[in-house]
Amino acid sequence: MKILRRSLLAAALLTPALSAFAAPLVMGFSQVGAESEWRTANTASVKAAAKEAGITLKFADAQQKQENQVKAIRSYIAQKVDVIAFSPVVESGWDTVLKEAKAAGIPVILTDRAVKVADPSLYVTFIGSDFVEEGRKAGKWVLERAAKAPGGALNIVELQGTVGSAPAIDRKKGFEEVIKANAKLQIIRSQSGEFTRAKGKEVMESFLKQRDKKIDILFAHNDDMAIGAIQAIEEAGLKPGQDIAIVSIDGVRGAFEAMKAGKLNVTVECNPLLGPQLMQLAKDIVAKKPVEKRITVTEGVYTADVAAKELPNRKY
Ligand code: AHR
């Protein structure tokens with residue numbers, strides 16, 4: 001009886017200490033927006049992984065506006081969260097707010113997109129795809145197609161992502177780096193479709209209206225813009241995937257459906273399911289364990305001939 005009473009007393013004394021120790025880690029996450037199928041899958045992955053990891057997630061959708069992200073980060077600093085994670089809409093303009101986070105002693109994790117800052121110690125780590133490599137992969141597919149195509153110039157139109165964003169800058173760079181190996185490949189028009197279906201369709205319509213040059217290939221920086229452009233091509237009485245070959249990036253289910261229907265030729269994978277790794281990183285950082293400064297994701301390339309077989313395996 002005495003022993004039982006003693007252990008109850010000990011448990012009562014320990015409880016406040018234990019519960020303080022077990023307080024869930026709090027993460028403030030600023031998301032770019034909800035502009036694409038990819039982004040929806042990324043948000044779902046982050047939310048599900050936080051729940052699974054027992055991390056309290058404070059989530060804000062910035063609607064593709066940097067000012068909203070800056071506001072969200074400042075509010076997370078004021079709330080004294082344990083860690084801040086964000087996917088920056090554009091690359092530049094983050095120095096001031098990241099200095100504020102550092103001064104408050106709150107570690108910052110970049111997910112999906114990179115920033116350009118003078119002092120790299122303003123963030124702890126960056127987890128996301130290698131966008132330059134994705135552009136190169138798209139370029140390689142075009143280069144191989146051009147090698148088999150008889151005749152002269154092959155005219156390319158490009159639908160760029162959000163102006164100033166890391167994926168738009170890097171994918172363009174990687175693609176151009178590769179296609180310059182064949183002089184018959186020329187980008188005749190290039191404009192931002194803001195990573196959305198609606199804008200992708202609108203810009204493709206304007207490309208198609210300029211009838212001075214035939215369009216042979218479309219390079220879209222993401223699947224959503226390619227899907228919007230497919231609609232525009234069909235409405236113009238042309239066959240997407242045949243009259244105009246289409247290469248895009250992401251590998252979302254919608255792209256596999258378009259490939260299965262013969263309307264899209266190839267998609268380069270960009271994996272949005274970063275949630276579980278992000279949560280593990282947050283725990284490690286808060287526990288002061290060392291983490292890599294740059295963590296990349298392994299990804300593939302899928303062509304239309306494998307689309308039907310791959311579609312049931314797609315997780316996003
Ligand atoms: O940053 C990743 C990119 O952002 C995806 O390719 C695109 O679909 C999204 O909007």
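Nothing here was measured: the structure is a model prediction, and the numbers come from that model.

Cut-off values and rules
Numbering of residues begins from 1 in every chain and follows the order in which that chain's sequence is written. In keeping with the model being predicted, local features are shown solely for residues with a pLDDT of at least 70 and side-chain atom pairs are shown and tallied solely at 80 or more, while totals for entire chains, interfaces and linings include all residues. Heavy atoms from the whole structure form the basis of all side-chain values; hydrogens and water molecules are not counted. Orientation is described by lines fitted to C-alpha atoms, with helices fitted over the stretch in contact, and by angles between N-to-C directions that extend from 0 to 180 degrees. Counting from the N terminus, the helices are the DSSP runs of H or I reaching at least four residues and the strands are the DSSP runs of E reaching at least two. In what follows, roughly perpendicular refers to angles from 65 to 115 degrees, roughly parallel to angles under 35, roughly antiparallel to angles over 145, and oblique to any angle outside these ranges. For any helix crossing, the convention is left-handed if the near helix is rotated counterclockwise from the far helix by under a right angle, and right-handed if that rotation is clockwise. The criterion used for residue contact is that any of the two residues' heavy atoms lie within 4.5 Å. For this classification, Asp, Glu, Lys and Arg are treated as charged, while Ala, Val, Leu, Ile, Met, Phe, Trp, Tyr, Cys and Pro are nonpolar and the rest, including Gly, are polar. Here, a strand pair is defined by DSSP locating no fewer than two bridges between the strands. Predictor confidence is given residue by residue as pLDDT, running from a minimum of 0 to a maximum of 100. Residues are labelled near a given molecule or strand when at least one of their non-hydrogen atoms is within 4 Å of it. By the criterion applied in these results, polar contacts are pairs of N or O atoms within 3.5 Å in which, for protein atoms, one can donate a hydrogen and the other can accept it, and in which residues neighboring in sequence qualify only through two side-chain atoms. The protein chains shown are the only cover counted for residues, whose accessible areas, like all others here, come from Shrake-Rupley with a 1.4 Å probe. Where a domain begins and ends is set by an automatic assignment or by a domain database. We call a set of buried Ala, Val, Leu, Ile, Met, Phe, Trp, Tyr and Cys residues a nonpolar core when their side-chain atoms join them within 4.5 Å. Note on classification: 1.4 Å probe, protein chains only; a residue is buried when its accessible area is under 20% of the maximum for its type, exposed when over 50%, partly exposed between these limits. Expected helix span is computed as 1.5 Å times (number of residues minus one).

Turning our eyes to something else, we now look at the packing of helix α7 (residues 197–209) against helix α8 (residues 223–235). Here α7 crosses α8 at 45°, and the two axes come no closer than 7 Å. Classified by the angle their axes make, α7 and α8 are oblique. Like other packed secondary-structure pairs, α7 and α8 cross with a definite hand, here right-handed. Residues Arg197, Gly200, Lys201, Met204, Glu205 and Leu208 of α7 form the contact with α8, whose participating residues are Asp224, Met225, Ile227, Gly228, Ala229, Gln231, Ala232, Ile233 and Glu235. When the residues that make up the contact of α7 with α8 are grouped by side-chain class, the tally is seven nonpolar, three polar and five charged.

Here we come to the sheet that holds strand β11 (residues 294–295). The strand order across the open sheet formed by six strands is β2-β1-β3-β4-β5-β11, and the pairing between neighbours is parallel. The sheet terminates laterally at β2 (56–61) and β11, the two strands that pair on one side only. In the sheet, strand β1 (residues 26–31) pairs with β2 via six bridges, with the strands oriented parallel. Residue pairing across strands places glutamine 31 opposite aspartate 61, the latter belonging to β2. Packed on one face of the sheet, helix α2 (residues 37–53) meets β1 and β2 and runs near 160° to β2.

Attention now goes to the confidence of the model for the protein chain. Summing up the model confidence of the protein chain, the mean pLDDT is 94 and the portion of residues at 70 or higher is 93%. Overall, residues 1–20 carries pLDDT values under 50, and its contacts beyond four positions in sequence, including any with other chains, amount to zero contacts.

Taking strand neighbours across the sheet as the criterion, the six strands line up as β7-β6-β8-β9-β10-β12 in an open arrangement whose pairing is mixed. Each end of this open sheet is capped by a strand with a single partner; those strands are β7 (185–192) and β12 (301–303). Across the sheet, the mean angle separating the axes of adjacent strands is 20° when strand polarity is ignored. Of the strand pairs in this sheet, strand β6 (residues 154–160) and β7 are connected by seven bridges, and their pairing is parallel. Its bridge partner being in β7, glutamate 158 is matched across the sheet by serine 190. The strands that helix α5 (residues 131–148) touches are β6, β7, β8 (217–220), β9 (245–250), β10 (266–269) and β12; relative to β9, the one it contacts most, it runs at about 160°.

Moving on: the site of the ligand. The immediate surroundings of the ligand are formed by Glu35, Ser36, Trp38, Arg39, Asp112, Arg113, Phe131, Pro167, Arg171, Phe195, Asn222 and Asp250. A distance of 3.1 Å separates an oxygen atom of the ligand from a polar atom in the side chain of serine 36. Within the side chain of asparagine 222, one N or O atom sits 2.9 Å away from an oxygen atom of the ligand. Taken by itself the ligand offers 280 Å² of open surface, and the protein chains cover 100% of this. Those elements that place two or more of their residues in the shell around the ligand are α2 and α6 (166–179). Grouping the amino acids of the shell around the ligand by side-chain chemistry returns four nonpolar, two polar and six charged. Of the residues that make up the shell around the ligand, three or more belong to each of domain 1 (25–129 + 272–298) and domain 2 (131–270).

Core analysis: the largest hydrophobic core is formed by 50 residues, its most contacted members being Val142 and Met204. With six residues, the single largest contributor to this core is α8. Once residues lying within four places of it in the same chain are set aside, the contact partners of methionine 204 are Val157, Leu159, Ile215, Leu218, Ala229, Ala232, Ile233 and Ile244. Counting 22 residues, the second-largest nonpolar core is a separate cluster that includes Ile73, Tyr76, Leu98 and Phe126.

Compared with an ideal rise of 1.5 Å per residue, which puts 13 residues at 18 Å, α7 spans 18 Å between its outermost C-alpha atoms and is within 8% of the ideal. Among the residues of α7, Gly200, Lys201, Val203, Met204, Phe207 and Leu208 are the ones counted as buried. Each element contacted by the buried residues of α7 is listed here: β6, β7, β8 and α8. Two to three positions downstream of the cap, the backbone nitrogen of lysine 199 sits 3.2 Å from a side-chain oxygen, assigning the N-cap of α7 to threonine 196.

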